[in-house]
Amino acid sequence: MSPQAYERMAPRHLLALAVFCGISASTVYIPQALLTNISTDFDVSHQASSVIAASTLLGYAIGIPFLVPFGTRVRSSAQVAVQGTVLAVALLLAALSQNVVAATLAFFAVGLVGNLSQVIIPAANRMCAPEKRGATNSVLVGALLIGLFGGRALASVSADWIGWRGTIGACALLVALTLPTTLWALRRAVPPVGSALSHFSLMSAALRGACGNPVLLRAALTQSLVLGAFNSVWAVMVLHLTGRPLSWSVTQAGLLGLVGLLAGLLTPWSGRLIDEYGARRMTGLFLMVLLLSSASIYFTHSAPVLFGLVLFFSTWATQSALSGNQVQALSTSPEHSAQLNTAFSFIVFFIGGFGGVVGPLTFTMGGISAVAVEVTALSFLALLVWRFGPSARP
């Protein structure tokens, strides 16, 4: 790649991309914070309304292998323009839905096109110099974390003011308002290499290529275990906080998302460490922090202040490890970053998504203590894969 290509990412461009990444990511997880309001509005049980949140995550998982590969065939700005527009429309349809079925279908569409960060991150990697990729990735990953947790916290509060429909409508407005600046930031993005393969052949080739790329495979398997631990903890957070002995309100439990928001603000600092000391070495350090914080959940879950501190370090380590693993995967061939990111993201979200199922099952059997044991085991396995997993031949 020519040196001129590395001059395309100015701080103002990165800021615009980070803002849009955070907003688009929040739309996928905000429904979780609104389930109580939705179930009341539709006069259905919490279990029935939980299908809506599940449909959003299902759409997200399906959208990665089906939509992200388009990044190898079309310009990033064109793909973001189409998906961003569809996302705003899907959010409006969700806000106007009159029953659970209509809301479920609309939120499925939200998740399907809400993977915009998986399009933007590879484009940003092609726009910046190699020595700045760690910092760039960490800023964007930090923005995802801020959007994820900040969106949950704001949604919990705004639903009491303008209702869940007004909250979702506001999300649609934010997407529409920030889309033009995102397209402006991407206007000089390096075009993808391209491919003569059909779309489905390209998906298959990306996954086969991952199996032949030991660095990507190790990074993806490591991060899938990390994401599994992350999903397990946060999937049961409201259940734990609103149950005995803490007995918090749903709004209070939602505001715990501010802990994740603070962790997101710290994540860009991790990128500087990655650039200075190397992605693989720093990923190992982040995994050690994750292991220690996961084990600490067992001892602090009944002490809100200590529990919040442990969740802060756990969340920061999770997102920092994502930055480190993604840098390792995409650096194996920056010109093919879109293909690499498709394979990396599919492995990570497909395997790691099961944490959202395993966590509640574990909680049902043994409460938060059992979940602490589970996530500690997953963190330890991630550390083993990082140390002994497949690696590039010398």
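Values in this document were obtained by computation on a predicted structure and should not be read as measured data. Per chain, residues are indexed from 1 in the order of the written sequence. Local features in this predicted model are restricted to residues of pLDDT 70 or higher, and side-chain atom pairs are both shown and tallied only at a pLDDT of 80 or more, whereas totals for entire chains, interfaces and linings draw on every residue. Neither water nor hydrogens contribute to the side-chain values; these are computed over all heavy atoms in the structure.

1. Side note on the layout of surface pockets
Reported here for the second largest pocket is a volume of approximately 290 Å³. A cavity here means a set of points on a 1 Å grid, drawn over the protein atoms and nothing else, where a 1.4 Å probe fits but cannot get out; a pocket is an open set with protein on both sides within 12 Å along at least five of seven lines, and a residue lines either one if it has an atom within 4 Å of a point. Around the second largest pocket sit 17 residues that line it, and Ser26, Ile30, Gly151, Leu154 and Leu174 are the ones nearest its centre. Secondary-structure elements contributing two or more residues to the lining of the second largest pocket are α1 (11–33) and α7 (133–185). Elements are defined by DSSP. Helices are runs of H or I of four residues or more, strands are runs of E of two residues or more, and each kind is numbered from the N terminus. Counting residues per element, the lining of the second largest pocket draws most heavily on α7, which supplies 13 residues. Grid points are joined across faces, edges and corners, and a volume is the space filled by probe spheres set on the points.

2. As for α7
It helps to recall that an α-helix has 3.6 residues per turn; residues three or four apart then point in one direction. Helix length check: α7, at 53 residues, gives a terminal C-alpha distance of 17 Å against a target of 78 Å (1.5 Å per residue), a shortfall beyond 12%. Isoleucine 162 marks where α7 bends most, by close to 115 degrees. Under the convention used throughout, the expected extent of a helix is 1.5 Å for every residue step, that is, one less than its residue count. What we call the bend at a residue is the angle made by axes fitted to the seven residues finishing there and the seven residues starting there.

3. A few points about the packing of aromatic side chains
Stacked, edge-to-face and tilted are the three classes for Phe, Tyr and Trp ring pairs, Trp counted by its six-membered ring, which pair at centre distances within 6.5 Å; planes under 30 degrees apart are stacked, over 60 edge-to-face, the rest tilted. Tallying each qualifying case throughout the model produces 7 aromatic pairs. Taking 6.0 Å as the distance between ring centres and 85 degrees as the angle between the ring planes, the aromatic pair formed by phenylalanine 149 and phenylalanine 230 counts as edge-to-face. Of this pair, phenylalanine 149 sits in helix α7 while phenylalanine 230 sits in helix α9 (residues 214–235), and the two are 81 residues apart along the sequence. The exposure classification of phenylalanine 149 matches that of phenylalanine 230, with both residues buried. Seen from their ring centres, phenylalanine 286 and tryptophan 316 are 5.5 Å apart, and the 80 degrees between their planes marks the pair as edge-to-face. Here tryptophan 316 lies in helix α14 (residues 304–330) and phenylalanine 286 lies in helix α13 (residues 279–300), a separation of 30 residues in the sequence. The cut-offs for exposure are 20% and 50% of the maximum accessible area for each residue type, with area from a 1.4 Å probe on protein chains only; residues under the lower value are buried, those over the upper are exposed, and the others partly exposed. Phenylalanine 286 sits in the buried class, given a relative accessible area of 0%. Three or more aromatic residues joined by ring pairs form one cluster here, namely Phe149, Phe230 and Trp234.

4. A word on empty space enclosed by the protein
Following the criterion strictly, the structure yields 3 cavities of 30 Å³ or more and no others. Volume-wise, the largest cavity comes out at about 340 Å³. Around the largest cavity sit 23 residues that line it, and Tyr60, Leu144, Gln319, Leu322 and Phe349 are the ones nearest its centre. Those elements giving two or more residues to the lining of the largest cavity turn out to be α1, α6 (117–127), α7, α9, α14 and α15 (337–352). Looking at the lining of the largest cavity residue by residue, the class counts come to 14 nonpolar, 9 polar and no charged. Each residue is assigned to one of three groups, with Ala, Val, Leu, Ile, Met, Phe, Trp, Tyr, Cys and Pro labelled nonpolar, Asp, Glu, Lys and Arg labelled charged, and all others, Gly among them, labelled polar.

5. Describing the side chain of histidine 301
Note that histidine 301 resides in the loop between α13 and α14. On the basis of relative accessible area, histidine 301 is assigned to the buried category, the value being 14%. Within the structure, the side chain of histidine 301 is placed 3.5 Å from the backbone oxygen of tyrosine 298, a separation counted as a polar contact. Not counting chain neighbours up to four residues away, the residues in contact with histidine 301 comprise His240, Leu246, Phe307, Ile368 and Ser369. Counted as a polar contact is a pair of N or O atoms within 3.5 Å, where, for protein atoms, one must be capable of donating a hydrogen and the other of accepting one, and residues adjacent in sequence contribute only when both atoms are in side chains. Note on contacts: a residue pair qualifies if any of its non-hydrogen atoms lie within 4.5 Å across the two residues.

6. Observations regarding the confidence of the model for the protein
Overall, the prediction assigns the protein a mean pLDDT of 84, with 88% of residues at 70 or greater. The score called pLDDT rates the predictor's confidence residue by residue, from a low of 0 to a high of 100. When mean pLDDT is taken per element in the protein, α13 scores highest with 96 and helix α8 (residues 199–211) scores lowest with 67. Confidence drops under pLDDT 50 across residues 1–6; counting only partners more than four residues distant or on other chains, this segment forms 11 contacts.

7. Some points on the environment of glutamate 131
Checked against the element boundaries, glutamate 131 lands in the loop between α6 and α7. Overall, glutamate 131 belongs to the exposed group, its relative accessible area being 53%. C-alpha separation for the pair glutamate 131 and glycine 278, spaced 147 residues apart in sequence, amounts to 9.8 Å.

8. Describing the environment of serine 314
Assignment of secondary structure puts serine 314 in helix α14. Taking the C-alpha atoms as reference points, serine 314 and leucine 291, separated by 23 residues in sequence, lie 8.2 Å from one another. Contact partners of serine 314, with chain neighbours within four places excluded, come to Leu290 and Ser293.

9. Re the packing of α1 against α6
Structural elements are reduced to axes, namely lines fitted to C-alpha atoms, with helices fitted over the stretch in contact, and the angle between N-to-C directions of any two is expressed from 0 to 180 degrees. Their axes nearest at 10 Å, the elements α1 and α6 cross at an angle of 160 degrees. It follows that α1 is roughly antiparallel to α6 by the angle criterion. Here α1 runs over α6; the crossing is left-handed. The residues of α6 that touch α1, namely those facing Leu17, Phe20, Cys21 and Ser24, are Ser117, Ile120 and Ala124. Any angle that falls under 35 degrees is termed roughly parallel, while one over 145 is termed roughly antiparallel, one within 65 to 115 roughly perpendicular, and all others oblique. Crossing handedness is defined as follows: a turn of the near helix away from the far one that is anticlockwise and smaller than a right angle gives a left-handed crossing, while the clockwise case is right-handed.

10. Regarding the environment of isoleucine 347
Locating isoleucine 347 in the fold gives a position in helix α15. Note on isoleucine 347: relative accessible area 13%, which makes it buried. Here the alpha-carbon distance between isoleucine 347 and glutamine 223, two residues 124 residues apart in the chain, equals 8.9 Å.

11. Section: the packing of α13 against α14
Close contact between α13 and α14 brings their axes to 8 Å; oriented N to C, the two are set at 155 degrees. For the element pair α13 / α14, the angle class is roughly antiparallel. With respect to the hand of their crossing, α13 and α14 are arranged in left-handed fashion. Partitioning the contact of α13 with α14 into residue classes produces 14 nonpolar, 10 polar and 1 charged.

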